[in-house]
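In case you want the letters, here they are:
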Amino acid sequence: MRIVDLKIQDVAFGGKGVGRQNGKAVFVPYTIEGETVSAEIVREKKQFAEADLVDVKESSLDRVTPECPYFGRCGGCAYQHIAYEHQLAIKWRQVRDVLKRIGKLKDVPMRPIIPSPQQYGYRNRITVHAQDGVIGFFRRDSHRLIDIERCPISRDDVNHALSELRAQQQVRDGHYTLRASPSPRVFSQTNAAVANALRELIVGLVAPNQQLLIDAYCSAGFFAKALLDKFERVIGIDWDRFAIAAAKENASPKETYIAGDVEDVEAAVSAANVEIAGDTAATTMIVDPPATGLSANVRKAIVDLAPDALIYVSCNPPTLARDLKELCEKFTIDSVTPLDMFPQTAEIEVAVHLHA
Ligand SMILES: C[S@@+](CC[C@H](N)C(=O)[O-])C[C@H]1O[C@@H](n2cnc3c(N)ncnc32)[C@H](O)[C@@H]1O
């Protein structure tokens, strides 16, 4: 395959730098906008090409030395070569650009990105894979495993669990989720400090003295339980019955948690015996779906339920943008706040506040 010299113009969502060759976009991982690099084209499509970095000829002032010996081979991190402040600037820009490109949303009220206090050593859980005696993560762009002794973005107690797994005589092939003890076996946010900042942000966005909160995809009630003071009634829905059991522990009479599919959110709300028709002006809905975002049914249900305020927490800006495109026919965006839940990786968390 051929080697080309490129000027990197941008870092696209997903983490790869973008240059142009004869007008065609060429994606090169581990580069920074402004850099001149040589890269080997490894995949050529009609509209774009993919290349591997060969050499950085003119380096960005934001280029730093990665802390992890596996960086560049492991599929987990994409930005360890970029100074943290600049990672934040890139992520903020990517959110704005994805909302514009996919959501057709212009001039959105973007707030500053909330950084992570810890740039390494923050992950409170990892899933490693074991096959034929190799224990680690998948290689970049591949299903082959790379043997990992220590993951620098993970907490010490998670790395301790990894050492213990690796020390076992025989580890069966399969997937192993290693958690910082004593976290429960239900969904919990990966970076505790940024999760708390997200929860505080949401508490600040929600008006006091309301009637009803619907927390869809609530897991163990991480958001709902922080908002109890502001509502007369709280309904949480999640299909993970262990998470719902955890949410029900110590629940006050105003909290109702339902083990069910958010697809049936309207039925769940009426089964909880809550009358919200009539005075929707006192209802807030939070949605925090998985990376796939909201289904067409759920988007329609949200429009039908017509809450006064909607808070959409997303771990995947492209599906967020797709959903907002439709929801913005009924709702107006008050603020978009990116959060850096996953420093060194290309992942971005976003909280969007809307009103009817
Ligand atoms: C991103 S997590 C949100 C967790 C929660 N907001 C928190 O901060 O702990 C997504 C949650 O959605 C749940 N989930 C995914 N799809 C669902 C569906 N169709 N119906 C109900 N729950 C669903 C999962 O079990 C998981 O707990």
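Note that the structure is predicted; figures quoted are calculated from it, not measured.

Peer 1: What is the right way to look at the site of the ligand in this model?
Peer 2: What surrounds the ligand is a group of 16 residues, the closest being Gln189, Asp238, Asp261, Val262 and Asp288. The separation between a nitrogen atom of the ligand and a polar main-chain atom of Tyr217 is 3.1 Å. Val262 places a polar main-chain atom, nitrogen or oxygen, 2.9 Å from a nitrogen atom of the ligand. When isolated, the ligand has an accessible area of 600 Å², and the protein chains bury 89% of it. Considering only residue class, the shell around the ligand consists of nine nonpolar, three polar and four charged.

Peer 1: Is there a simple way to explain helix α1 (residues 84-101) in this structure?
Peer 2: Residues separated by three or four positions in an α-helix point in the same direction, a consequence of the helix having 3.6 residues per turn. Across its 18 residues, α1 extends 25 Å between first and last C-alpha, which sits within 8% of the 26 Å expected from 1.5 Å per residue. Looking at α1, one finds that the buried residues are Tyr84, His86, Gln87, Leu88, Ile90, Lys91, Gln94, Val95, Val98 and Leu99. Of the surrounding secondary structure, the elements contacted by the buried residues of α1 are β2 (10-11), α7 (317-327), β16 (332-339) and β17 (349-355).

Peer 1: I tried to follow the domain arrangement of the protein on my own but got confused; where do I start?
Peer 2: Accessible area lost upon the coming together of the parts is a frequently used measure of interface size. Here the protein is partitioned into domain 1 (3-63), domain 2 (125-179) and domain 3 (192-355). Distance from the C-alpha centre of domain 1 to the C-alpha centre of domain 3: 38 Å.

Peer 1: Can you walk me through the nonpolar core in this structure?
Peer 2: Nonpolar side chains in soluble globular proteins tend to be buried together. Ranked by internal contacts, the top residues of the largest apolar core, which has 50 residues, are Val128, Leu198, Ile202 and Leu227. Secondary-structure elements contributing two or more residues to this core are β7 (125-131), β8 (134-138), α2 (156-167), α3 (192-205), β12 (231-238), α4 (241-248) and β15 (309-314). Considering every element that reaches this core, the biggest residue donor is α3, with seven residues. Lining this core are residues from two domains, each supplying at least three of them: domain 2 (125-179) and domain 3 (192-355). When residues no more than four places from it in sequence are discounted, the contact partners of Ile202 are Phe223, Leu227, Ile286, Ile311 and Val313.

Peer 1: Just checking my understanding: could you explain unusual backbone geometry for this structure?
Peer 2: For residues besides glycine, phi is generally negative; the peptide bonds are generally trans as well. A positive phi angle, close to 50°, is found at Asp107, a residue other than glycine. Among the secondary structure elements, Asp107 is positioned in the loop between α1 and β7. The class for Asp107 is exposed, based on a relative accessible area of 79%. Its identity as a non-glycine residue notwithstanding, Asn250 has a phi of 60°, on the positive side. Among the secondary structure elements, Asn250 is positioned in the loop between α4 and β13 (255-259).

Peer 1: Can you help me understand the sheet that holds β15 in this one?
Peer 2: Whether parallel or antiparallel, the strands of a sheet pair through hydrogen bonds between backbone atoms. The seven strands lie next to each other as β13-β12-β11-β14-β15-β17-β16, forming an open sheet whose pairing is mixed. Lying at the two open borders of the sheet, with one neighbouring strand each, are β13 and β16. The sheet shows a mean angle of 15° between the axes of neighbouring strands, taken without regard to direction. Of the pairings in the sheet, the one linking β16 to β17 comprises seven bridges and is antiparallel in character. If you follow Thr337 over to β17, its bridge partner there is Ala351.

Peer 1: How do you make sense of α4 when you look at a structure like this?
Peer 2: Every buried residue of α4 is listed here: Ala243, Ile244 and Ala247. All buried residues of α4 project into a common sector of 100° when viewed along the axis, lining one side. What points out from α4, more than 90 degrees from its buried face, is the exposed set Arg241 and Phe242. Where α4 is buried, its residues meet β12 and β13. N-cap assignment for α4: the residue whose side-chain oxygen lies 2.9 Å from the backbone N of Phe242 is Asp240. Looking one or two residues beyond α4, the residue adopting positive phi is Asn250, at roughly 60°.

Peer 1: Hey, could you run me through the sheet that holds strand β6 (residues 48-58) in this one?
Peer 2: Overall, mixed pairing links the six strands, which are arranged β1-β5-β6-β4-β3-β2 in an open sheet. Of all the strands in the sheet, the pair left with one neighbour each is β1 (3-7) and β2.

Peer 1: Looking at this model, I keep getting lost on the packing of aromatic side chains. Mind explaining?
Peer 2: Aromatic rings in a pair are described by how distant their centres are and how their planes are angled relative to each other. What the rule picks out here adds up to three aromatic pairs. Ring plane angle 85° and centroid distance 5.7 Å describe the contact between Phe27 and Phe48, whose orientation is recorded as edge-to-face. One end of the pair, Phe27, is in strand β4 (residues 24-28); the other, Phe48, is in strand β6, with 21 residues separating them in the sequence. For Phe27, a relative accessible area of 21% corresponds to the partly exposed category. Both rings, one in Tyr30 and one in Phe71, keep their centres 5.1 Å apart while their planes meet at 75°; by these two values the pair is edge-to-face. Highlighted residues: Tyr30 in the loop between β4 and β5 (36-44) and Phe71 in the loop between β6 and α1, separated in sequence by 41 residues. For the pair shown, Tyr30 and Phe71 are each scored as buried.

Reading the values: rules and limits
Residues numbered from 1 in each chain as written. Predicted model: local features only at pLDDT ≥ 70, side-chain atom pairs only at ≥ 80, totals over all residues. Heavy atoms only, no water. Near = heavy atom within 4 Å. Polar contact = N/O pair within 3.5 Å; in protein donor to acceptor, adjacent residues only side chain to side chain. Areas by Shrake-Rupley, 256 points an atom, 1.4 Å probe, with all protein chains shown as cover. Nonpolar A, V, L, I, M, F, W, Y, C, P; charged D, E, K, R; others polar. Helix = DSSP H or I, 4+ residues; strand = E, 2+ residues; numbered from the N terminus. Expected span 1.5 Å × (residues − 1). Buried < 20%, exposed > 50% of the residue type's maximum accessible area, 1.4 Å probe, protein only. Contact = heavy atoms within 4.5 Å. Domains from an automatic or database assignment. Core = buried A, V, L, I, M, F, W, Y, C linked by side-chain atoms within 4.5 Å. Pairing = 2+ DSSP bridges. Axes fitted to C-alpha atoms, helices over the stretch in contact; angles between N-to-C directions. Arc of directions from axis to C-beta. Phe/Tyr/Trp six-rings, centres within 6.5 Å; stacked < 30°, edge-to-face > 60°.

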